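An overview of the molecular structure
What follows is the residue order along each chain.
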Amino acid sequence: MSTAQVIITQVQKLLQDPAGDRWDASSDLLPWLNEARKEIVKEKPDANPVVEAVQLAAGALQSLPSSATQLLDVTCNMGTDGSTEGNMITTVDRKYLDAFNPGWRSDSASTEVTHIIYDPKRMPKKFWVYPKSTGTNYIEIITSEIPADVVIDADVVFGEEFDNARVHYTLVKAYSIDAEYAGSVE
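Overview of the structure.

About the thresholds
Chains are numbered independently. Their residues run from 1 in the order of the written sequence. This being a predicted model, a pLDDT of at least 70 is required before a residue's local features are given, and a value of 80 or more before pairs of side-chain atoms are given or counted; all residues contribute to the totals for chains, interfaces and linings. To get the side-chain values, all heavy atoms of the structure are used, and hydrogens and water are removed first. Only runs of H or I of at least four residues qualify as helices and only runs of E of at least two qualify as strands under DSSP, and these elements are numbered from the N terminus. Definition of a polar contact: a pair of N or O atoms within 3.5 Å, with one able to donate and the other able to accept a hydrogen when the atoms are protein atoms, and with sequence-neighbouring residues admitted only if both atoms are side-chain atoms. Note on aromatic contacts: the rings of Phe and Tyr and the six-membered ring of Trp form a pair at centre separations within 6.5 Å, being stacked when their planes are under 30 degrees apart, edge-to-face when over 60 apart, and tilted otherwise. Working definition: with a 1.4 Å probe on protein chains only, accessible area under 20% of the residue-type maximum means buried, over 50% means exposed, and in between means partly exposed. By definition, being over a ring means that NZ of Lys or CZ of Arg is both within 6 Å of the ring centre and within 35 degrees of the ring normal. Whenever a carboxyl oxygen of Asp or Glu lies within 4 Å of a side-chain nitrogen of Lys or Arg, that contact is scored as a salt bridge. Pairing between strands is defined by DSSP: at least two bridges between them are needed. Comment: axis = line fitted to C-alpha atoms, over the contacting stretch for helices; angle = value between 0 and 180 degrees taken between N-to-C directions. Working rule for angles: under 35 degrees goes down as roughly parallel, over 145 as roughly antiparallel, 65 to 115 as roughly perpendicular, anything else as oblique. Note on definitions: a residue-residue contact is assigned when non-hydrogen atoms from the two residues lie within 4.5 Å. Any residue that is not Ala, Val, Leu, Ile, Met, Phe, Trp, Tyr, Cys, Pro, Asp, Glu, Lys or Arg is counted as polar, Gly included; the first ten are nonpolar and the last four charged. As used here, the arc is the angular range of directions from the helix axis to the C-beta atoms.

Let's talk about the side chain of Arg-166
Note on placement: Arg-166 falls in helix H4 (residues 163–178). A polar contact of 2.8 Å, which involves the side chain of Arg-166, links it to the side chain of Asp-163.

If you want it as structure tokens, here you go:
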């Protein structure tokens, strides 16, 4: 796993500024590297997956944790204590549930979820559960999360396969700041 310093050293070499005379590692390059990490996750949500048990709210409509940007998957029920694995949960299209059980949202609440309904285009931070929750149960979810900023000597956390993208993003930011006019970065 690469550290922020390893990536910044690569960038400094490509910028022909190994001592950081033109672009300071901490005040210039590190913030751009952190931006790059966030942009990677926006473009490829599964680049930084987080698996966690979350307690459901009472009812059918649920919200993702505040740190999550998108639901990637729901795996299983986790009981009322958040640590007891239960039955698996399947994802269904709402139109099928509506067709087979038009009153599904008014059915009795349960501590066991059978299905989730998720529409990432219309409601990326919300989903429904069936049957609706009592508000005392947990399910295990996998979400995409924007990574927190790293410091110079910290691991960049996810995937060395994204090191080139991080380097190139940071280079583009450096070149755009150094440009006397917009065409000089071409």
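Some remarks on the packing of aromatic side chains
Scanning all chains against the criterion turns up one aromatic pair. Ring geometry for Trp-104 against Tyr-130: centres 6.2 Å apart, planes inclined by 80°, an arrangement best described as edge-to-face. Taken as a pair, Trp-104 in the loop between helix H3 (94–100) and strand E5 (115–117) and Tyr-130 in strand E6 (residues 126–133) lie far apart in primary sequence, 26 residues in all. Take Trp-104 and Tyr-130: they sit in the same class, and that class is buried. Taking NZ or CZ as reference, Arg-94 lies 5.7 Å from the ring centre of Trp-128, over its face. Directly above the ring of Trp-104 sits Arg-105, whose terminal nitrogen or CZ lies 5.9 Å from the centroid.

Considering the pattern of salt bridges
Counting across every chain of the model gives seven salt bridges. Note that Asp-149 is salt-bridged to Lys-38, the shortest N-O span being 2.8 Å. Remark: Lys-38 occurs in helix H2 (residues 25–43) and Asp-149 occurs in the loop between strand E7 (138–145) and H4; sequence separation between them is 111 residues. Overall, Lys-38 belongs to the partly exposed group, its relative accessible area being 26%. Residues Lys-42 and Glu-39 are paired through a salt bridge, measuring 3.3 Å at the closest nitrogen-oxygen approach. Taken as a pair, Lys-42 and Glu-39 lie in helix H2 at a separation of three residues, close to a single helical turn. For Lys-42, a relative accessible area of 52% puts it in the exposed group.

Re the pairing of E6
E6 sits mainly inside the fold: six of its eight residues count as buried. Where strand E2 (residues 59–63) meets E6, four bridges bridge the pair, whose relative direction is antiparallel. Bridging from a neighbouring strand, Gln-62 pairs with Phe-127 of E6. Here E5 runs beside E6; their pairing, made up of three bridges, is antiparallel. Looking at E6, one finds that Ile-117 is bridged to Trp-128.

Concerning the packing of helix H1 (residues 4–14) against H2
Packed helix pairs are specified by the crossing angle of their axes together with the interaxial distance, meaning the distance between the axes. At a minimum axis separation of 10 Å, H1 and H2 run at an interaxial angle of 105°. Relative to H2, H1 is oriented roughly perpendicular. Residues Ala-4, Ile-7, Ile-8, Val-11 and Gln-12 of H1 form the contact with H2, whose participating residues are Ala-25, Leu-29, Leu-30 and Leu-33. Partitioned by chemical class, the residues of the contact of H1 with H2 number eight nonpolar, one polar and no charged.

As for H1
Taken residue by residue, H1 has Ala-4, Ile-7, Ile-8, Val-11 and Gln-12 as its buried positions. The buried residues of H1 occupy one face: seen down the axis, they fall within an arc of 140°. A positive backbone phi angle near 55° is found at Gln-16, which sits one or two residues after H1.

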